[in-house]
Structures are given as structure tokens and as C-alpha cells.
Amino acid sequence: MVFFCPNSLESAFESEKISPLQNAAGAFPFSLYANSLGAISDPTIISNNQSLFSAGSHHRKFGLKSLTQSCFVIGGTFHQYGVGLGLSRFGNPNYSETQVSILGGKNYKELVQIGISLNMYQLSITNYGQAVAIGSRVTIRYAMGSNVESIISLLNVNRPVLGQSREKLPQVIATGFLAKPHDQIRGQVSLVQDTEFPISVRLGLIYQPFNQIAIAVGKVHQPNIFTTGGYIHWKNFRIEIGYLSHANLGLSTYQTGISYTRIP
Amino acid sequence: MQTLASALIKLVLVTLVFHDTTLGQYDIIENFDPEKELPESDLLLLNNLKFLHNSLTPESATLLTQLSFLSAEETLALEEFKNGKLGNVDNSPRLKILTVHLWSDVAISKTKGTFLHRMNRTDGIQYKWFGTVDFGQFTVGGLGERDPQEVDILDYHSLFLKTKFQNFDYTIGNYQMLLGHGLVSWRSIPVKSDFGTTNSALRRGRGIQPFRSGHESWAYQGLGWTQPLRQGILTAGISYRNLDGSLERKKFKTSNSGLHVSKSQIENRGNISETVGIADWGRETQHGHVGFILGGAAWNNDKDNLTNLATSVYGNYQVSNWQLFSELAYTSQNKNAIVGGGKLKHKSFHYGFVLRKIDPDYFALRDNVFRNWNNQELGEMGVLQEIRFRLHQTMVNIYSDLFSRIRKIEGEFQKYGHETGINIEHRFNTKLRIQSKLKIQESSSEHYDYTEYQSSAFPVSTFKTTIKWTQSKRQSYQCQIQEKHNQDGNPSSWGIQFRGKHLWDRWGINIYWVTARIDEKNWLYYWDVNLPGEMKSKVFTQSGHYLGSSIYYHTSDYSEIHLRLSTAWNSWNFDIVPIFRGALQINVSI
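Conventions used here
- Residues numbered from 1 in each chain as written.
- Chains lettered and ligands numbered in written order.
- Predicted model: local features only at pLDDT ≥ 70, side-chain atom pairs only at ≥ 80, totals over all residues.
- Helix = DSSP H or I, 4+ residues; strand = E, 2+ residues; numbered from the N terminus.
- Rg over C-alpha atoms; globule rule 2.2 N^0.38 Å.
- Buried ≥ 20, exposed ≤ 12 C-beta atoms within 10 Å, placed from the backbone.
- Contact = placed C-beta atoms within 7 Å.
- Expected span 1.5 Å × (residues − 1).
- Nonpolar A, V, L, I, M, F, W, Y, C, P; charged D, E, K, R; others polar.
- Core = buried A, V, L, I, M, F, W, Y, C linked by C-beta atoms within 7 Å.
- pLDDT = per-residue confidence, 0-100.
- Pairing = 2+ DSSP bridges.
- Arc of directions from axis to C-beta.

**Quick notes on the overall build of chain B**
Move 1: Summing up its helical and strand segments, chain B has eight helices and 29 strands in all.
Move 2: Taken over C-alpha atoms, the radius of gyration comes to 24 Å for chain B, in line with the 25 Å a tight globule of 590 residues would show.
Move 3: Along the three orthogonal principal directions, the C-alpha set of chain B runs to about 60 × 60 × 60 Å.
Move 4: Within chain B, buried positions represent 40% of all 590 residues.
Move 5: A fraction of 57% describes how many contacts in chain B between residues 6 or more apart in sequence connect residues 24 or more apart.

Right under this line is the structure:
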């Protein structure tokens, strides 16, 4: 049984769909690497010419079966555009949120990458029925020199609402910087603002001592979370894990994922 | 006469020495009064000019002519530059400062578009996005904004497309029409009494411009075009939109706040539907320009509807050394307004005057003519005079505005008011400049603070001395001392500001410190530390201290990151928790 405090109860589709490595690096809301699950939250990453890839993750928030989240994405290049399809599901047999995303990306002058996703949100509650809404995400990634990228994203600009009660779906403005001061180090700073909540400030660092291994640490302010994790790269596979410790709740949770890239 | 004037200036400069200290100068727009607003479109235009152009070219000169604060001579110089005459631009100090400030960096290849993302933390976080892309045949631009606490992610947005087809200039989307001298259709911010007002009032509107401002209820929305006729040029527009405003007592007013946070604000969002048709015909004559404006609008809300027709005749005339202008407007509400004036220029001597008479309850479509009081219900008439002359390295500028309400009402509002300003600026050498301004105002104030209505019938004197030290293009300092008092015997408000600017190859930093001692209602205004594309002022309503800094990092030839941090102690003894503010801005171009 799960008890929620009504004052902090989030609305439908508030759970972020990001990869274990993004979570490990301070819940970075944008993709860290190409060919990763991050494409669901940031389709700019599929705009570069790349081979067919797929990625998936599984997550039981706080170890609770009722709060299970699974995500899957497949993507590749079609002519000069990156295209992909994302799928995520959150909840349990009685309450489930399903999101299907059609992803598209375009690279312009190796300077700007624009990503757009069309999201279909479906909420299903046993004995109550289901409701569907269509939302969108626009993301722009800009190479501010050889070592710094800035990324801006707007989720659900089209103001989607769900069901007869016309519940407003989350609208989120995210701004981030991804820096690569050294070949083995990446750092991120991001600001995520759901228009209904205070801004969330996020910091993270990824250290890659070898090609096959990386470790990540991060900190999220609002809510207060310490994060860590990493990945192991083996042949065409990458296995990721993210561990989140919620300081205020005194609870922790972890997320695992795997991605596969076809080498042409 | 010259000796007498020179002695007077020396006397004033000796007085300034008592204000102590040194320091330096910044942008041209900082010469404006921080108590008055500057159109946001100007700031965004400057941002576009910096990122879309490398130098003064016919294209960049066209954009420069849209800046509201340029004088008629300066816009003429830019027009002549477009036709191949360079001399007048070189002879205009302000244009030279502008071009040096905008394009002082190493030239990069021409860019096609520019984009700005700004997060500004105040009571919540305001987001603003602005972008323009030039596709050659057409230009597309847009602005998006979400104010603090607003639930909608894109609470306000504005888009335009500008193109040229067979001698017709078309603007589709959000646009503004600057016609005549502002009696029928103008920008969202009017010209106010200040140094240089005669220049601004004299300047004729330049027709249709894409709307770049964050004012949410000012733009026309639809189609605007300009077409040459056999005799003259026709500029016309049609618009239909919903906007925030009020229809009361047969009068229409747009809302200036743009906030949609409270229940009533959200309910009243787009509460009025507006349909507008407007046309302007103008032609050049032997001695100037004449024009005729005809416009009409219909406004509807749930309870009421209103129509208004407005017409005006305007002209600019050159007679010997005099440049004269006038506009006379009449509306179907049986109200009329007139504005007129002139400017005499003889070598470095300038004299200008502006007369206006605006009927009580006068309104047209987007009128915003030069006036001192914002209150439209009581009307206004007045005369402003201005003199500017140079003596060696010293520039003197004096203006005086006398005005009165046409309708008198019971209560605190005075019927008469005046405002006088004296500005003396002396350049000792290329590094050191001292500027001193004295401004005396007597008029009922019209603003509200958080707790009560503010009204003052005493003359208020503001004395401001600015000492600017420009060590080099990359290093400058400024000290500004300000004193303000009511002439009713109460103590003065005092403020002192220190500023320093240091630039390196890719980094730059501005640091501000202000300490202010405030007496009752004599608030002090300083320009705040600002990011490119914004021009906020910092108002001190109580004694305290303020530390601000802005840092910029030039990440590549095409992009910059700007950060602003500030801390305010609203207590003289620092015995209070300081208020932190910040802003982040990303400028990129492609």
C-alpha cells in the first residue's frame, strides 16, 4: 500500500522518462550520448547520422512494484533526418500511464540540432476508463564551441489536457549546459522548471577512466536528491545503472537499463 | 556672452569636484533617465544588429533607423549612408558610439539568424525567447514569454513574417504602425519630457515595423503592407485579435501588465476582441513631407462594444534653419488633439520646442503622443522648450516643460505642472568625462507603491553627477552621485553608485555597488546591471545597499553566455536577510 501526501501529489505524467545514466549524472534532462534512451526526453540526439539503435530501461521507484516504469526507444537515420519511436509505461495494473512518442531530429550546419517529438499520452484506471491527449516537445541543442553545448527544451507547448476534468498535463521548461573540459570528463548544469512547481537545479559529473566504463555522480536541488551510477560498454551493448538517494524522504531507488547499437 | 557661459560652466564643474571621485561610461542608452521606460523593441533590435551584422551596411542601417531614440538628423544620415553618402554618419557622435559598441569585436562571417533565451529570477522566474532568421527573400521572427507564476509555458507569443514582392513590403503576423507623430498609432511607450525630447518628438513614424516588444496587448495582428503610388506611398494594415483591456464609459484602454496569474487576470485574458483597419498616405514635397491617416477600430466584450474612427493630417517642413512639424487629429468620439513644434539648428546650437493639446478622454487606435501625465481622462496641454549648445569640450542641454490638465477635478491632482532639466557634460580628455544633471519636477505623481497611492504636490529636485573614466575600450569605471529632495524642507535622499567594467578575450565582468539613503517618498532610480536586450532600472524605496554583477563568456564567434547576480540589503545597517536575484541568458546565432 502506498500513501501520498495530497499537498505534494503530482499530476499524471509527471514522472520523467530519462535513462539510468542521465539519472546518475544528476537527473540531466537531456541526452548525454547518442544511441541512448535519452532520445525520448531529448530527440536532438538522433539528428546526427547514426546507425540503428535501441535502448530500454526498467525502474521500480523506491522498490515498489506499484510504481514500475519501463521505457523503450528505437531510432536511426532516414535521409538527412533522425527518426525514432519511444514507448514508456508507468504504474500498475489498476493505474497506468502510457506514452508513445514519435521522434524527429535535424542537424543544421553541425551547429544547431533541432528535435521535435509528438507524444500521445494515455491514462488508464481500472473501472474508470481511459483518456488520451496529444502533447509535444521542442528541443534545441546548440554547439557553443568545441567543449560546451547548450540545450533548451519546452514540453507541451500546445497545452494538452486530459479527460473530462481537463487535467492539465505537465508543461516543463528545461535549460542545460553540457561541458567536456577533458576527453574523460563531462559535466552538466541544468535548470528544470515545471510551471506548477519551483525550479529544480541539477548538477552532475561523468568520469570515463576507460572506454568501457564510466561512473557518474550528481545532485538535484528541489527535490533534494543525491545521485550516482555509471555504465559498462561491451561490444554493441551498454548497460547503465542509476542510483538516487532522496535526502528528504530518507529513501533511495535505482534504475537499470540496456542499450544496443548496430555497428554498420 | 561666451565668457559668461564659460565661467558659469566652470563654476558648476568646481561644484562637481565636491562630489569627489572618478569613473567611466557605458552604452549610449544609459544616458536616458532610469525613471522612464525604454522600448524593448529598441533593445532587441540592438541585439539583432550585434549578432546579424558585422558592420554598418545598408541592411544594418535600415535596422538602425528603427531605433526610437535616434533623431531625425541621425535617421537621415543613415538613409544617406544607404545611398552611398558616408559623411553624415561620421559626423554624428551618437551613431559612431553605437557602431563602435555594436561591432567592435573581430568580424565574423555573416549570420542568418539569432536566438536569445533568458531566465530572469525575481519573485519567480520569467522566461523570454526571441529569435529572428533572415532567409533572404523574407525574414521571420518571434518572441515568447512566460512571466513569473504564470501557469502557461508560453503565456505570450508573437510572430512575424516580413517580405517584399513587386515593390510591396508585406508584414504578416504581429506588427506595429508608427504613423505621423503618434496621435493615431505609435509604439507602446510614448516620448516623455527629458533631454533630447525635441529630437524624438520631431521624428516622424516610419510606418510598419515587425512587433518585437513584450507588450502583450499592443501589436496589430494580421496583414500590413506598404505600396508606392503614382503620388506618394500608401501604408495600410488590417488586424483582428483578442487582447487584454477595458471598455468603460465609451473608452477603450489596453492593459499594460501582461500578467496572467490571479484568477481575475486569467479570466480577463483576451477579454476584448478588436478589429482594426488603418491607412496612411504620405508624400515628399519640396520642403518636407505631408501625410494623411485614416483608421477605424471596433472593440467588443461580453457586455459592451465600441467603435472609433480617427483621422489626422501631419507634416514636416524645412524653412531655412528651422525644421517644423505638426499633426492634427480628430476622432468620431468628437475629441481632437494637436501636437507641433520645431527645431532650429545653427552650427552647434540647437533650439527646439514642442506644443501639445490633447482633449480629455482623447483616444484613437494606438495613440501614444508626447505627453507628461499618463492620465488621459483629464487631457493635457503644454509647451516644452529645449536648448543645446557646445562650448569647446562642454555640452550644455537645458529643457523646460510647462503643462496643465484641461479638466480640473477635485482631489489631490494638481492642474499645473512643470519640469526643468539642466545637463552639463564636460570631456576633459579621451578618458575622463563628467556629466551633471539637475532636474526639477512639480506635478502630481501618478504611480502606486505596494501599500498606498503616491501623490506629491511639492517640487522635487534631482541632482545627479556622473564621473566616467574610460581607461581603455576594455576597462572603464563610473561613479554616480544622486541627491533628491522635496522642496518642503524634508531631508534629502542620497545615493552613490560605483561601477566597473573589465573585458578580456572571452570573458567580461561588470560590477555595481549602490548605497542609498532614502527619505520618505523620494525614491532614487539607477540603471541596474543589465544583460544584452534588457534595460531595467533599480529603484530604491528604502535605505539600503545593492551589489550587482554580470559576467559574460564568449563561447564562440557565434554564441555567448551571460549571467547576472545581485544582492540587495533593504536596510542601512545590513541587519536583514539580503535578497538574491539572478538571470541567465544564452545568445546564439547561425
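**Description of the overall build of chain A**
Move 1: The number of helices and strands found in chain A is one helix and 16 strands.
Move 2: Relative to the compact-globule value of 18 Å for 264 residues, chain A shows a C-alpha radius of gyration of 18 Å, a close match.
Move 3: With the principal axes as the frame, chain A shows a C-alpha extent of 50 × 40 × 35 Å.
Move 4: Looking at chain A as a whole, 41% of its 264 residues qualify as buried.
Move 5: Residue pairs at least 24 apart in sequence account for 46% of intrachain contacts in chain A once pairs closer than 6 positions are excluded.

**Thoughts on helix H2 (residues 40–52) of chain B**
Move 1: Given a rise of 1.5 Å per residue, 13 residues ought to cover 18 Å, and the 18 Å separating the end C-alpha atoms of H2(B) matches this to within 8%.
Move 2: Of all 13 residues in H2(B), 13 are buried; the element is thus mostly enclosed.

**Quick look at the interface of chain B and chain A**
Move 1: Listed per partner, the contact involves 14 residues of chain B and 22 residues of chain A.
Move 2: Residue assignment for the side of chain B that touches chain A shows that the elements contributing at least two residues are strand S1 (113–121), strand S2 (125–134), strand S27 (544–556) and strand S29 (579–589) of chain B.
Move 3: When its residues are assigned to classes, the side of chain B that touches chain A shows nine nonpolar, four polar and one charged.

**Comments concerning the nonpolar core**
Move 1: With 62 residues, the main nonpolar core has Leu21(A), Ala25(A), Ile173(A), Ala216(A), Leu49(B) and Val588(B) as its most contacted residues.
Move 2: The element contributing the most residues to this core is H2(B), with seven residues.
Move 3: Non-local contacts of Ile173(A), meaning those with residues more than four positions away in its chain, are made with Leu154(A), Gln193(A), Tyr127(B) and Ile153(B).
Move 4: Counting residues in hydrophobic clusters, the runner-up holds 38 residues, among them Phe160(B), Tyr220(B), Phe252(B) and Leu365(B).

**Structural notes on the confidence of the model for chain B**
Residue and element names in this part refer to chain B.
Move 1: Confidence in the prediction for chain B averages 85 pLDDT; 90% of positions are at 70 or higher.
Move 2: Confidence drops under pLDDT 50 across residues 8–26; counting only partners more than four residues distant or on other chains, this segment forms 39 contacts.
Move 3: In the predicted structure, residues 447–454 sits below a pLDDT of 50 and forms seven contacts with residues beyond four places in sequence or in another chain.
Move 4: For this predicted complex, the interface score ipTM comes out at 0.91, alongside a pTM of 0.87.

**Some words on the confidence of the model for chain A**
Reading predicted coordinates in detail is not appropriate for stretches of low pLDDT.
Move 1: For chain A, mean pLDDT is 90; residues scoring 70 or higher make up 95% of the total.
Move 2: In this model, residues 1–8 of chain A is a region of pLDDT below 50 whose contacts with residues beyond four sequence positions or in other chains number three contacts.

**Looking at unusual backbone geometry**
Residues and elements named next belong to chain A.
Move 1: Between Gln222 and the following residue, Pro223, the backbone shows a cis peptide bond with an omega angle of -5 degrees.
Move 2: Of note, Pro223 is situated in the loop between strand S13 (213–221) and strand S14 (225–234).
Move 3: For Lys109, which is not glycine, the phi torsion reads 60 degrees and is therefore positive.
Move 4: Taking the C-beta count within 10 Å as the criterion, Lys109 has 9 such neighbours and is therefore assigned exposed.
Move 5: In this structure, Gln222 takes a positive phi of about 70 degrees despite not being glycine.
Move 6: Along the chain, Gln222 turns up in the loop between S13 and S14.

**Some words on the environment of Gln50(A)**
Move 1: Residue position: Gln50(A) is located in the loop between helix H1 (20–24) and strand S1 (53–60).
Move 2: Once the C-alpha coordinates of Gln50(A) and Thr77(A) are considered, the two residues, 27 residues apart in sequence, prove to be 6.1 Å apart.

**Side note on the environment of Met395(B)**
Residues and elements named next belong to chain B.
Move 1: Positionally, Met395 belongs in strand S18 (residues 394–404).
Move 2: With 18 C-beta atoms packed within 10 Å, Met395 lands in the partly exposed category.
Move 3: Sequence separation between Met395 and Gly232 is 163 residues; the distance between their C-alpha atoms is 39 Å.
Move 4: Once you skip the residues sitting within four places of it in the chain, Met395 turns out to touch Arg390 and Glu425.

**Some details on the pairing of strand S16 (residues 251–261) of chain A**
Residues and elements named next belong to chain A.
Move 1: Of the strand pairs in this sheet, S1 and S16 are connected by seven bridges, and their pairing is antiparallel. When the bridges of S16 are listed, His59 appears paired with Gln255.
Move 2: Examined bridge by bridge, strand S15 (residues 237–246) and S16 share 10 bridges and lie antiparallel to one another. Following the sheet pairing, Ser245 is matched in S16 by Ser252.
Move 3: Turn length for the S15-S16 hairpin, with the two strands adjacent in sequence and antiparallel, is four residues, and the turn residue Gly250 shows positive phi of about 70 degrees.

**Quick notes on the environment of Thr227(A)**
Move 1: Turning to its location among the elements, Thr227(A) is positioned in strand S14.
Move 2: Discounting residues that sit within four places of it in the chain, Thr227(A) has contacts with Asn23(A), Ala24(A), Gly26(A), Ala27(A), Val217(A), Gly218(A), Val220(A), Gly242(A), Tyr243(A) and Leu244(A).

**Observations regarding helix H4 (residues 72–82) of chain B**
Residue and element names in this part refer to chain B.
Move 1: Here H4 has its buried residues at Glu73, Glu74, Ala77, Leu78 and Phe81. One face of H4 carries all of its buried residues, which in axial projection span an arc of 140 degrees.
Move 2: Residues of H4 that are buried sit in contact with helix H3 (58–64), helix H5 (87–90) and helix H6 (93–102).

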